[in-house]
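Here's the letter readout for the chains.
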Amino acid sequence: MRWLLRLYPRSWRARYGVELEALLDELPRTPSVAIDLLRGAVVAHINSIGGSRHMTVEPGPLGRHPTIAALGALLVTTPTLLFVGGSLLAYQLGLPGMVAWWEPISAAMTASRLADLALLGAPAVAVLLAVAPLVRVEFGAATGEWRAAVHLRPRPANLLVVLVAAALGAVLALHIAAEFLLEGS
Amino acid sequence: MPDAILGSNDPRLLVLISLAGGPRHGHAIMLDVAGFAGLQLGPGTLYGAIGRLEDDGLIEPLTAVGRRRPYRLTAPGREALTDRVRQLGRAIDTGARRLRRAAS
């Protein structure tokens, strides 16, 4: 019957889980006890949303593995990194011979509108993925008013990925906007 | 349903009454309530009431003994219970008086 305690909010379990487990060890395993626990879990969730004075939104499993999240974000944004990097080397810096072999790769990467969108959207996804483990939002009632506070945990690896992904997204967005304007003129 | 009408089967009130007799942990509160009110509080109901009372500052936890943590009334909790018992007492006195009058 202890598995029913998993249905309670995490913060509630952290506060009362051990005591309630001890209490359950003393009680018979009857349907009425199970139903009461289920009802209690529903009420605890409702209270955690609006009834209690404090609520914390934690990053969940990602928060325990920020480095994995940073690596995942880097992986997500790698195609955009390659595309922007290759295009800069070939067209902006004009490396000798680079255009010839980069052009087919670039054409393949932007063959469809969907691929374009994926290249542009990947940095945004990467930013969210890298920053999610670092953010904790607290809601609380002080002097009758609800206030929210955002706490950011500084982790250089994640913040570096955020900066890289944001810069890539900005460069690509500017590039697309410039192309669009040039085509229009 | 007189208990429901008077609100005296509110789990929070029952927990406060139980703790008025001294600090108790969850299982002891449950047994005490069963003894004085004849009601079997479920574990989810009991800890829901404990959580709300603690949030409202009416009870407070003491140092845990093993996996069990006793709770005790706070001063505002004692005050709230006193008010509620007085209120219920007035309702019960009125009811008894009127019943006596109706019977005579």
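Shown above is the structure to which this text applies.
A short tour of the structure in this document, coming up. (Residues numbered from 1 in each chain as written. Chains lettered and ligands numbered in written order. Predicted model: local features only at pLDDT ≥ 70, side-chain atom pairs only at ≥ 80, totals over all residues. Heavy atoms only, no water.)

Below, the discussion takes up the overall build of chain A. A tally of helices and strands in chain A yields seven helices and three strands. The order of α-helices and β-strands along chain A, N terminus first, is α-α-β-α-α-α-α-β-β-α. Evaluated residue by residue, chain A yields a buried proportion of 29% over its 185 residues. Contacts spanning at least 24 positions in sequence make up 65% of the contacts within chain A whose residues lie at least 6 apart. Carbon and sulfur atoms provide 70% of the accessible area of chain A, an area that totals close to 11,600 Å². (Helix = DSSP H or I, 4+ residues; strand = E, 2+ residues; numbered from the N terminus. Buried < 20%, exposed > 50% of the residue type's maximum accessible area, 1.4 Å probe, protein only. Contact = heavy atoms within 4.5 Å. Areas by Shrake-Rupley, 256 points an atom, 1.4 Å probe, with all protein chains shown as cover.)

Time to look at the interface of chain B and chain A. Taken together, the contact pairs 19 residues of chain B with 23 residues of chain A. Taken together, the two surfaces of chain B and chain A that pack against each other cover about 1,700 Å², and 51% of this comes from carbon and sulfur. Its largest share of buried area at the contact with chain A, chain B owes to Pro-43, Tyr-47 and Arg-67 of chain B, together 41% of the area lost on that side. Connecting chain B to chain A are five salt bridges. Here Arg-15 of chain A and Asp-55 of chain B are joined by a salt bridge, their closest N and O atoms 3.0 Å apart. There are ten residue pairs in polar contact (both at pLDDT 80 or more) connecting chain B and chain A. (Buried area = accessible area lost by both parts, 1.4 Å probe. Salt bridge = Lys/Arg side-chain N within 4 Å of Asp/Glu carboxyl O. Polar contact = N/O pair within 3.5 Å; in protein donor to acceptor, adjacent residues only side chain to side chain.)

Now for the environment of Ile-35 of chain A. All names here are of chain A. Within the secondary structure, Ile-35 is located in helix H2 (residues 31-51). When its relative accessible area of 55% is taken as the criterion, Ile-35 is described as exposed. C-alpha separation for the pair Ile-35 and Leu-4, spaced 31 residues apart in sequence, amounts to 9.7 Å.

A few words on the nonpolar core. Generally speaking, soluble globular proteins have nonpolar side chains that are buried together. If you look at the biggest cluster of nonpolar residues, it comprises 34 residues, and the most contacted ones within it are Leu-37 of chain A together with Val-15, Leu-46, Tyr-47, Ile-50 and Ile-59 of chain B. Within the residue set of this core, elements represented by two or more residues are helix H1 (10-26) and H2 of chain A together with helix H2 (11-20), helix H3 (26-37), helix H4 (43-55), strand S2 (71-73) and helix H5 (75-103) of chain B. When residues no more than four places from it in sequence are discounted, the contact partners of Leu-37 of chain A are Met-1, Leu-4, Leu-5, Tyr-8, Leu-20 and Leu-24 of chain A together with Pro-43 and Gly-44 of chain B. Within the second largest apolar cluster, eight residues are counted, among which are Phe-83, Val-84, Met-98 and Leu-119 of chain A. (Core = buried A, V, L, I, M, F, W, Y, C linked by side-chain atoms within 4.5 Å.)

Okay, helix H6 (residues 113-131) of chain A next. Along an α-helix, residues three or four positions apart point the same way, because every turn accommodates 3.6 residues. All names here are of chain A. Over its 19 residues, H6 runs 28 Å from end to end, which matches the ideal 27 Å to within 8%, given 1.5 Å per residue. At Gly-121, H6 is bent by approximately 30°, the largest bend along its length, and proline Pro-123 sits one to four residues beyond. Taken as a whole, H6 has its buried residues at Leu-119, Ala-122, Pro-123, Ala-126 and Ala-130. (Expected span 1.5 Å × (residues − 1). Bend = angle between axes of the 7 residues up to and from the residue.)

This paragraph deals with a positive patch on the surface. Residue and element names in this part refer to chain A. Together, Arg-6, Arg-10, Arg-13 and Arg-64 give the surface a local cluster of positive charge. With respect to the secondary-structure elements, Arg-13 resides in helix H1. Assessed through its relative accessible area of 30%, Arg-13 is described here as partly exposed. (Patch = residues over 30% accessible without salt bridge, like charges linked within 9 Å, V, L, I, M, F, W, Y side chains within 5 Å. Lys, Arg positive; Asp, Glu negative; His and termini not counted. Charge placed at Lys NZ, Arg CZ, Asp CG, Glu CD.)

Quick look at the side chain of Thr-77 of chain A now. All names here are of chain A. Relative to the helices and strands, Thr-77 is located in helix H4 (residues 66-92). Of the residues examined, Thr-77 reaches a relative accessible area of 1% and is grouped as buried. In contact with Thr-77, not counting residues within four places along its chain, are Ala-122, Pro-123, Ala-126, Ala-165 and Leu-168.

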